[in-house]
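Spelled out from the first residue to the last, the chains are:
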Amino acid sequence: TYAPTSCVSDDSLMAMRRVFRSFPKIEFMRIDCRVSEDGTAKLIELSPDCSMARKGGLSRAFQESGYSYSDMFRLLIGNVLEGR
């Protein structure tokens, strides 16, 4: 399991995953948090409008999993077409 930051507790990460999975057929989601002075992350917003730029967070997540930028689009588009 990949945790984007040590500031997000396992419970919070599991809750974010449950929310993400509750959306019908959404491919990716931006999770905005603010780190408080005590070092914990506070959820601000869940949004499906994250950047798909070559150097953006979504692209980096795919690259860290061994996929190219082109692979990212092929996989996302293929998954949408399968869900028709």
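What comes next is a walk through the structure. (Residues numbered from 1 in each chain as written. Predicted model: local features only at pLDDT ≥ 70, side-chain atom pairs only at ≥ 80, totals over all residues. Heavy atoms only, no water.)

1. What to know about the pattern of salt bridges
Point 1. Here the structure, examined in full by the defined rule, presents 1 salt bridge.
Point 2. As a salt-bridge pair, R74 and D71 come within 2.7 Å of each other at their nearest N and O atoms. Residue R74 and its partner D71 are located together in helix 3 (residues 69-82), separated by 3 residues, close to a single helical turn. (Salt bridge = Lys/Arg side-chain N within 4 Å of Asp/Glu carboxyl O. Helix = DSSP H or I, 4+ residues; strand = E, 2+ residues; numbered from the N terminus.)

2. Here we look at the packing of aromatic side chains
Point 1. Per the counting criterion, the structure on display carries 2 aromatic pairs.
Point 2. When the centroid spacing of 5.1 Å and the interplanar angle of 90° are considered together, the rings of Y69 and F73 count as edge-to-face. In this pair, Y69 and F73 both sit in helix 3, 4 residues apart, roughly one turn of the helix.
Point 3. By relative accessible area, which is 18% here, Y69 ends up buried.
Point 4. In this structure F73 comes out as partly exposed when scored by relative accessible area, which is 29%. (Phe/Tyr/Trp six-rings, centres within 6.5 Å; stacked < 30°, edge-to-face > 60°. Buried < 20%, exposed > 50% of the residue type's maximum accessible area, 1.4 Å probe, protein only.)

3. Regarding the environment of S59
Point 1. You can see S59 is positioned in helix 2 (residues 57-64).
Point 2. Sequence-distant contacts of S59, defined by excluding residues within four places in its chain, comprise A53, R54, Y69 and M72. (Contact = heavy atoms within 4.5 Å.)

4. Details of helix 3
Point 1. Over its 14 residues, helix 3 extends 20 Å from the first C-alpha to the last, a length consistent with the 20 Å expected when each residue adds 1.5 Å.
Point 2. If you check which residues of helix 3 are buried, you get Y69, D71, M72 and L76. Taken down its axis, helix 3 places every buried residue within 160° of arc, on the same side. Helix 3 presents S70, R74 and E82 as exposed residues on the side facing more than 90 degrees away from its buried surface.
Point 3. Where helix 3 is buried, its residues meet helix 2. (Expected span 1.5 Å × (residues − 1). Arc of directions from axis to C-beta.)

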